[in-house]
Amino acid sequence: MAIKVPSMELHCPAPLLSGGRGKTCLQKKPFLVQAKRLGGLEKASTRGAQESGQPKKRAPLIRGTVSPPLPVPGNIPRPPYVGTKDVPEIPKEIQMHDKESIVHMKAACELAARVLEYAGTLVKPSVTTDEIDKAVHKMIIDAGAYPSPLGYGGFPKSVCTSVNECMCHGIPDSRELQDGDIINIDVTVYLNGYHGDTSKTFLCGEVDEASKRLVKVTEECLLRGISTCKHGTSFKKIGRRISEHAERHGLGVVECFVGHGVGRVFHSEPIIYHQRNNKPGQMVEGQTFTIEPILSMGSTDCDMWDDGWTAVTTDGSLAAQFEHTILITRTGAEILTKC
């Protein structure tokens, strides 16, 4: 589950959380190498359109009816933010792990990965995102865990389901999935005091080649970002590697939303930028954080629905996202959210 870039950098009306109550994110960041990024995008854009054609036309995403939050048994421990609608502050402390806490992190992340894999099997035309939420909720509580999104800053559901032009944090509702949709499912579980966070974009029915390509390249960007990671590496290398691959395929990297530290706390430092940047900081062995790039076929600007959570592309272009929680080691990075 991504967080929104701090307002002093993005000039967004909402402060930190991607579920913040601002309506629009403006892409004005002095640290970006704009000329290089846009130049590559322009060249790749033409080539990409020639190679894979245009995505089929879809009706704009329309919200359905949101059912009440599902209950969680009283014996399942809750994260500390449950019970308040306030969005938690992002702590500055880096979450570090010893051998014991790594065991707990791996257990939470493995459960999140299994839940996500199961959720993907439910993606079919005529299935509602609310039905996916109910199935995910049951699997999580049956495992003795808490669905981390539920009650986070007032989020009303146990999973995020982001369809087509929704960049992230879509709220499950009564809308039925359509043949040709793409949907990101974002699962986070809280197990034994630790959060495991992961997401994937799935294809629903017969999906056109351009949309398949968006999904494929987005996953490749995630894996390329992870491949740069190890003890002592600069965080900015992640954004550079992701941007290079996205531009090569004529796709834009959404800059409103970032990855984050994760562990005992759902969202913390370090903040992980997915686009080119000059931010300081180096990875340290024992850190855990998410990398979760969002790519768009068109505009990378976002509009927020008045639910305060659903972020959509301003021009209705399709967007896709993939996410893993990783552990930094001396020689590389271990993906914890794998089955």
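Nothing here was measured: the structure is a model prediction, and the numbers come from that model. (Residues numbered from 1 in each chain as written. Predicted model: local features only at pLDDT ≥ 70, side-chain atom pairs only at ≥ 80, totals over all residues. Heavy atoms only, no water.)

**Overview of the overall build of the protein**
Selection criterion: Here a strand is any run of E in DSSP of at least two residues, a helix any run of H or I of at least four, and the numbering for each starts at the N terminus. Think of it in three bands: with a 1.4 Å probe and only protein chains considered, a residue is buried below 20% of the maximum accessible area for its type, exposed above 50%, and partly exposed in between. When checking whether two residues touch, look at their non-hydrogen atoms; a contact exists if any pair is within 4.5 Å. Residue exposure ignores everything except the shown protein chains as possible cover, and the areas themselves are Shrake-Rupley values with a 1.4 Å probe.
Along the backbone of the protein there are six helices and 17 strands. Relative to its full complement of 339 residues, the protein shows a buried share of 58%. For the protein, restricting intrachain contacts to residue pairs at least 6 apart in sequence, the fraction spanning at least 24 positions comes to 74%. Counting only carbon and sulfur atoms, one obtains 53% of the accessible surface of the protein, whose full area is about 13700 Å².

**Points about unusual backbone geometry**
With an omega dihedral of 0°, the bond running from Glu269 to Pro270 counts as a cis peptide bond. Its place among the elements puts Pro270 in strand S10 (residues 268–272). Even without a glycine there, the phi angle at Asn164 is positive, about 55°. At His169, a residue that is not glycine, the phi angle is positive and equals roughly 65°.

**Some details on the packing of aromatic side chains**
For clarity, the cut-off: The criterion for an aromatic pair is that two Phe, Tyr or Trp rings (for Trp, the six-membered ring) have centres within 6.5 Å, with stacked assigned to planes under 30 degrees apart, edge-to-face to planes over 60 apart and tilted to the rest.
Scanning the entire structure with this criterion turns up five aromatic pairs. An angle of 70° between the planes, with centres 5.7 Å apart, marks the rings of Phe235 and Phe289 as edge-to-face. Of this pair, Phe235 sits in the loop between helix H5 (209–227) and helix H6 (236–248) while Phe289 sits in strand S11 (residues 288–291); the two residues are 54 residues apart in sequence, bridging distant segments of the chain. In this structure Phe289 comes out as buried when scored by relative accessible area, which is 0%. Clustering of aromatic rings is evident, with ring pairs tying together Tyr81, Tyr152 and Phe266.

**Description of the UniProt feature "binding site: substrate" (unreviewed entry) in the protein**
Which entries qualify depends on this criterion: UniProt positions are given in the numbering used here, feature names are shortened, and annotations may be inferred rather than shown by experiment. Two N or O atoms form a polar contact when they lie within 3.5 Å of each other; inside protein one atom must be a possible hydrogen donor and the other a possible acceptor, and for residues adjacent in sequence the pair counts only when both atoms belong to side chains.
According to UniProt, the "binding site: substrate" (unreviewed entry) feature falls on His169 and His267. Residue classification places His169 among the buried positions, given a relative accessible area of 1%. From its side chain, His169 meets the backbone nitrogen of Ala2 in a polar contact 3.3 Å long. By the secondary structure assignment, His267 is in the loop between strand S9 (257–261) and S10. There is a polar contact of 2.9 Å between the side chain of His267 and the backbone oxygen of Met1.

**Details of the environment of Gly232**
Within the fold, Gly232 resides in the loop between H5 and H6. When the C-alpha positions of Gly232 and Arg330 are compared, they lie 8.3 Å apart, and in sequence the two are 98 residues distant. Ignoring sequence-local partners within four residues, the contact set of Gly232 consists of Gln282 and Met283.

**Observations regarding the packing of helix H3 (residues 99–121) against helix H4 (residues 129–142)**
Test applied: Axis angles are defined between N-to-C directions and span 0 to 180 degrees, where every axis is a line fitted to C-alpha atoms and, for a helix, only to the segment in contact. Any angle between 65 and 115 degrees counts as roughly perpendicular, while under 35 counts as roughly parallel, over 145 as roughly antiparallel, and the rest as oblique. For a crossing to be left-handed, the near helix must be turned anticlockwise from the far one by less than a right angle; the clockwise case is right-handed. Each residue is assigned to one class: nonpolar for Ala, Val, Leu, Ile, Met, Phe, Trp, Tyr, Cys and Pro, charged for Asp, Glu, Lys and Arg, and polar for all the others, Gly among them.
The N-to-C vectors of H3 and H4 enclose an angle of 150°; their axes lie 10 Å apart at closest approach. Classified by the angle between their axes, H3 and H4 sit roughly antiparallel to one another. For H3 against H4, the interelement crossing comes out right-handed. Side by side, H3 and H4 meet where Arg114, Val115, Tyr118 and Ala119 of the first sit next to Ile132, Ala135, Val136, Met139 and Ile140 of the second. Partitioning the contact of H3 with H4 into residue classes produces eight nonpolar, no polar and one charged.

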